[in-house]
Number of protein chains: 2
Amino acid sequence: MPAVVMAIVAFCSSITLIPLSSHCLARVGLRGRDLLKPYKQLVPESLGIVPACVLIVLLFLFTPVFFANHLKTHASNLQPQFPHHKLSTYLSALLSLQTATLLGFLDDLFDIRWRYKLPIPLIASIPMLVVYFAEGGITDVVIPLPLRQLLGRVVHLGPLYYIYMAMLSTFCTNSINILAGINGIEVAQAVVIAGSVAINDLLHLPLSHGFVSHLPQFAAHWSSTALVGPTTQEQAERHLFSLCFMLPLIGASLGLLYHNWYPARVFPGDTYCYFAGMAFAIVAVLGHFSKTLLLFFLPQVINFGLSTPQLFGLMACPRHRVPRYVHGTGVLEPSRAYFDKPPAFYVSVPLRVLSAVGVVQLEVGGNGRITCSTNLTLLNAFLCLFGKMSERQLASVTVVFQVACSVLAFAVRYGLAGLVYD
Amino acid sequence: MPAVVMAIVAFCSSITLIPLSSHCLARVGLRGRDLLKPYKQLVPESLGIVPACVLIVLLFLFTPVFFANHLKTHASNLQPQFPHHKLSTYLSALLSLQTATLLGFLDDLFDIRWRYKLPIPLIASIPMLVVYFAEGGITDVVIPLPLRQLLGRVVHLGPLYYIYMAMLSTFCTNSINILAGINGIEVAQAVVIAGSVAINDLLHLPLSHGFVSHLPQFAAHWSSTALVGPTTQEQAERHLFSLCFMLPLIGASLGLLYHNWYPARVFPGDTYCYFAGMAFAIVAVLGHFSKTLLLFFLPQVINFGLSTPQLFGLMACPRHRVPRYVHGTGVLEPSRAYFDKPPAFYVSVPLRVLSAVGVVQLEVGGNGRITCSTNLTLLNAFLCLFGKMSERQLASVTVVFQVACSVLAFAVRYGLAGLVYD
């Protein structure tokens, strides 16, 4: 319940504080041109700091509330053992979240270079990892049935698992950051992911078992057995913890989305991407559902996969890869990268495959060599697939795609997973 | 030992990173005129963010080191019980410190108004207080011998003690902030206080008992009995914890002091005052030596006491109360506040007393009424007492006074305390 109150407070504070603080941010130089608009008016940037601060302050203020029961019994000496491990979990989560916010904001202010930027989420995740370890950190991975003959039932990853978790925070923050460029999509995708995580949490809480009994017979049967299975007290607590982060995150983000949706009056900045990405990494690591989280990140994974040739310097990568605004028409077309020299075969072959699927448009010179390609991003892929459209339409398509991927993720997690795990 | 390594690393990083980052801060508008210099060149401000970030990153990186022993035995299942309460203490300290830094920096950037600023350290201290409570927070105060007939041996303060601790963080941050205005003194006073706290910690560590045995007979006898008395394992651990914060803080601050000492190339900003003040409040609360800390804050207490008539609006308070630079001479004289209407008796009587002592200079009109007074700050008091001097000399006098107060504090804590406590 406190989480719902927090979500409402977060939404209200976020939606009212953003217009009030936007001129302060603009004053210290945090403003930028909207590349996809005919007008040249500057838009205040890094407004992600507002929902981030709102969420952090709320989590601070609600710390005693979350632990009220324990504190009460502790004070009356009824229960000598205060759950210190839960408190340290909570504090480490807050610490990682706040570090990501602070560093994201410094990044927005000072434009930190890429090579200094990459370790940021790694440093921010240290407290979380120490707590994971101290909690008795499980680093075993259960192997799917088809691979068990090869690898055995359980693989003990040990330190590799910690590297995986640290990488997860880097991935979550940066993958939201690179699926960006048109109004509203950074925030909208985070809202959809947070919503999916929250629904997944609700499925693991005891109350959902009560809830499903009201569903039609077949749904109730399906959900209470195959869908979630028996939930232990510990699992339920971890998902409750996750819910306490996700609901206020949704509230605060919706407040930002209201101002950031087309036509944007504010930009979220890297601050928001670091903050939201870290929040997802934290709940997934401390809630032990990092694989499920990655399923919800499907569009980001696709976008990252598509982008790899450009991100890793295998082909030309212009400074901005966002779709291009066609002057006078109000619609967007895919932006292009031009090749000075013909691409190597390990680039041109995938490009031709992608072109055949329709997610890339190529220009081929007289000698059959590729001279130009649309930039490899999900947004450009949508424009190649569905034709030119307005910025608002493209944002809507992206959100619909994200929701569709979440539905697919639930199907995979609770449908297919039953087939490959026992 | 890790603390010494951290201090050295902190000093080196701080001293090299400050010149590198000062132009970045200046670019986003964080620069100000040095009021006490003939030249008008702007000086980069808020460089306190550098030592703060250095210290926080170091504390992050060293988290696994501090808990290495526990983590090792935990991993090998030799000791089933990981000291979660220590970890949550450490994390809450980091969290409070980081919050103070973040909010201090936002304050520097956006010039937050006083009424929004005051609750900042209160919010930042919540995690620390929850941990204090969960640790079995003692809220009993031992009463000095002379007052015991009146109040009994121990007074149970309960919730009042939490309010006291929250106020302590507010006092520590703001009292450093108001004893400011000439080059280097914010940082120098923090270094002296941190040094005093560190010496006090060393006195409580087992190693100091080994160390004192090399002292002359009388000193060894005095220190090992009257001075510190038997130290429990728990006390020693708390002071070790404090030392791990104080030594790197000294290192990082010395790096800043090098650039901030007369003539200042950079200013520390509110960021530094919040950060350093919070660090003191944290170690004192979690180390259970808040009264001793207040003894080290004697100059700040005097300055605050002196300032109250102006801070609480009982007499005229100009925007800047720093001493005035006398053009052409290179020396400072006390700055003055002029009275539009004659002050009430409850202001004029204390003013006349202070004037008799020599720490305030008054101008009296024909009718015997006070028309003008020097501003009520410690810096102006020094100028009244010792005459005009250069900025560098005034800074040195302030530092010497701070050191003298620390010596006095040790005498009170370990000399007089023995007389009024059993």
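Bear in mind the structure is a predicted one, so any value in this text is a computation, not a measurement.

1. Regarding the sheet that holds strand β8 (residues 362–364) of chain A
Residue and element names in this part refer to chain A.
Part 1 of the argument: Across the sheet, three strands lie side by side as β7-β9-β8; this open sheet has antiparallel pairing. Here the strands that pair on one side only, and so sit at the sheet edges, are β7 (336–338) and β8. The sheet shows a mean angle of 20° between the axes of neighbouring strands, direction not considered.

2. Points about the environment of B:Ile18
Residue and element names in this part refer to chain B.
Part 1 of the argument: Take Ile 18: it is sitting in helix α1 (residues 2–27).
Part 2 of the argument: In this structure Ile 18 comes out as buried when scored by relative accessible area, which is 0%.
Part 3 of the argument: Between the alpha carbons of Ile 18 and Gln 300 there is a distance of 27 Å; along the sequence they are 282 residues apart.

3. Examining the UniProt feature "transmembrane region" (unreviewed entry) in chain A
Residue and element names in this part refer to chain A.
Part 1 of the argument: When the UniProt feature table is mapped onto this chain, "transmembrane region" (unreviewed entry) is found at residues 6–26, 47–67, 87–106, 118–139, 159–180, 240–259, 271–289 and 394–416.
Part 2 of the argument: In the segment residues 47–67, helix accounts for 86% and strand for 0%; the C-alpha atoms at its two ends are 31 Å apart.
Part 3 of the argument: As a span, residues 87–106 carries 100% helix and 0% strand, and end to end its C-alpha atoms are 28 Å apart.

4. Details of the confidence of the model for chain A
Residues and elements named next belong to chain A.
Part 1 of the argument: Per-residue pLDDT for chain A has a mean of 85; in total, 91% of the residues score no lower than 70.
Part 2 of the argument: Note on residues 208–213: pLDDT under 50 across the span, and six contacts to partners over four residues away in sequence or across chains.
Part 3 of the argument: Contacts for the low-pLDDT stretch residues 215–226, under 50 throughout, to residues beyond four places or in other chains number nine contacts.
Part 4 of the argument: At the level of chain-chain contacts, confidence expressed as ipTM amounts to 0.83, with global pTM at 0.86.

5. Structural notes on the domain arrangement of chain A
Accessible area lost upon the coming together of the parts is a frequently used measure of interface size.
Residue and element names in this part refer to chain A.
Part 1 of the argument: Each assigned domain of chain A is listed here: domain 1 (2–290) and domain 2 (297–422).
Part 2 of the argument: Each of domain 1 and domain 2 has a C-alpha centre, and these two points are 27 Å apart.
Part 3 of the argument: Facing the 37 residues of domain 1 at the interface are 32 residues of domain 2.
Part 4 of the argument: Summed over both sides, the interface between domain 1 and domain 2 buries roughly 3,000 Å², with carbon and sulfur atoms accounting for 72% of that surface.
Part 5 of the argument: Inspection of the domain 1/domain 2 interface yields one salt bridge.
Part 6 of the argument: Lys 37 is paired through a salt bridge with Glu 391; the nearest N and O atoms lie 2.7 Å apart.
Part 7 of the argument: Of all the elements in the fold, those that place two or more residues in the side of domain 1 that touches domain 2 are α9 (159–178), α10 (185–204) and α12 (217–227).
Part 8 of the argument: Take the side of domain 1 that touches domain 2: its biggest share by element is 10 residues, from α10.
Part 9 of the argument: Along the lines of polarity and charge, the residues of the side of domain 1 that touches domain 2 split into 27 nonpolar, seven polar and three charged.

6. Details of the pattern of salt bridges
Residues and elements named next belong to chain A.
Part 1 of the argument: Following the criterion strictly, the structure yields 14 salt bridges over all chains and no others.
Part 2 of the argument: Across the pair Glu 333 and Arg 324 runs a salt bridge whose closest N-O atoms are separated by 2.8 Å.
Part 3 of the argument: Classification of Glu 333 by relative accessible area gives buried; the value is 15%.
Part 4 of the argument: Classification of Arg 324 by relative accessible area gives partly exposed; the value is 45%.
Part 5 of the argument: What you see here is one network of salt bridges that share partners, running through Asp 34, Lys 37 and Glu 391.

7. What about the interface of chain A and chain B?
Part 1 of the argument: Contacts between chain A and chain B engage 39 residues on the former and 39 residues on the latter.
Part 2 of the argument: Buried surface at the junction of chain A and chain B, both sides included, amounts to about 3,700 Å², of which 83% is carbon and sulfur.
Part 3 of the argument: When residues of chain A are sorted by the area they lose upon contact with chain B, A:Phe60, A:Leu102 and A:Phe110 head the list and together hold 16% of the total.
Part 4 of the argument: Those elements that place two or more of their residues in the side of chain A that touches chain B are α1 (2–27), α2 (49–66), α3 (68–75), α4 (84–110), α6 (119–124) and α7 (126–134) of chain A.
Part 5 of the argument: Its residues assigned to classes, the side of chain A that touches chain B shows 28 nonpolar, nine polar and two charged.

Analysis parameters
- Per chain, residue numbering runs from 1 following the sequence as it is written.
- Think of it this way: whatever chain is written first is A, whatever ligand is written first is 1, and the rest follow in order.
- Per-residue local features of the predicted model are confined to residues with pLDDT of at least 70, and side-chain atom pairs are confined, for both listing and counting, to 80 or more; whole-chain, interface and lining totals are unaffected and use all residues.
- For the side-chain quantities, the full set of heavy atoms in the structure was used; hydrogens and water were omitted.
- Strands qualify as paired when DSSP identifies two bridges or more between them.
- Secondary structure elements follow DSSP: runs of H or I no shorter than four residues count as helices, runs of E no shorter than two count as strands, and numbering proceeds from the N terminus.
- Structural elements are reduced to axes, namely lines fitted to C-alpha atoms, with helices fitted over the stretch in contact, and the angle between N-to-C directions of any two is expressed from 0 to 180 degrees.
- Only protein chains enter the area calculation, which uses a 1.4 Å probe; residues under 20% of their type maximum are buried, those over 50% are exposed, and those in between are partly exposed.
- UniProt positions are given in the numbering used here, feature names are shortened, and annotations may be inferred rather than shown by experiment.
- Per residue, pLDDT measures the predictor's confidence, with a range of 0 to 100.
- Any two residues having at least one pair of non-hydrogen atoms within 4.5 Å are treated as being in contact.
- A domain assignment, automatic or from a database, supplies the domain bounds used here.
- Put simply, buried area is the surface a 1.4 Å probe can reach on two separate parts but cannot reach once they are joined, added for both.
- One side-chain nitrogen of Lys or Arg within 4 Å of one carboxyl oxygen of Asp or Glu is enough to make a salt bridge.
- Ten residue types, Ala, Val, Leu, Ile, Met, Phe, Trp, Tyr, Cys and Pro, are classed as nonpolar, four, Asp, Glu, Lys and Arg, as charged, and the remainder, Gly among them, as polar.

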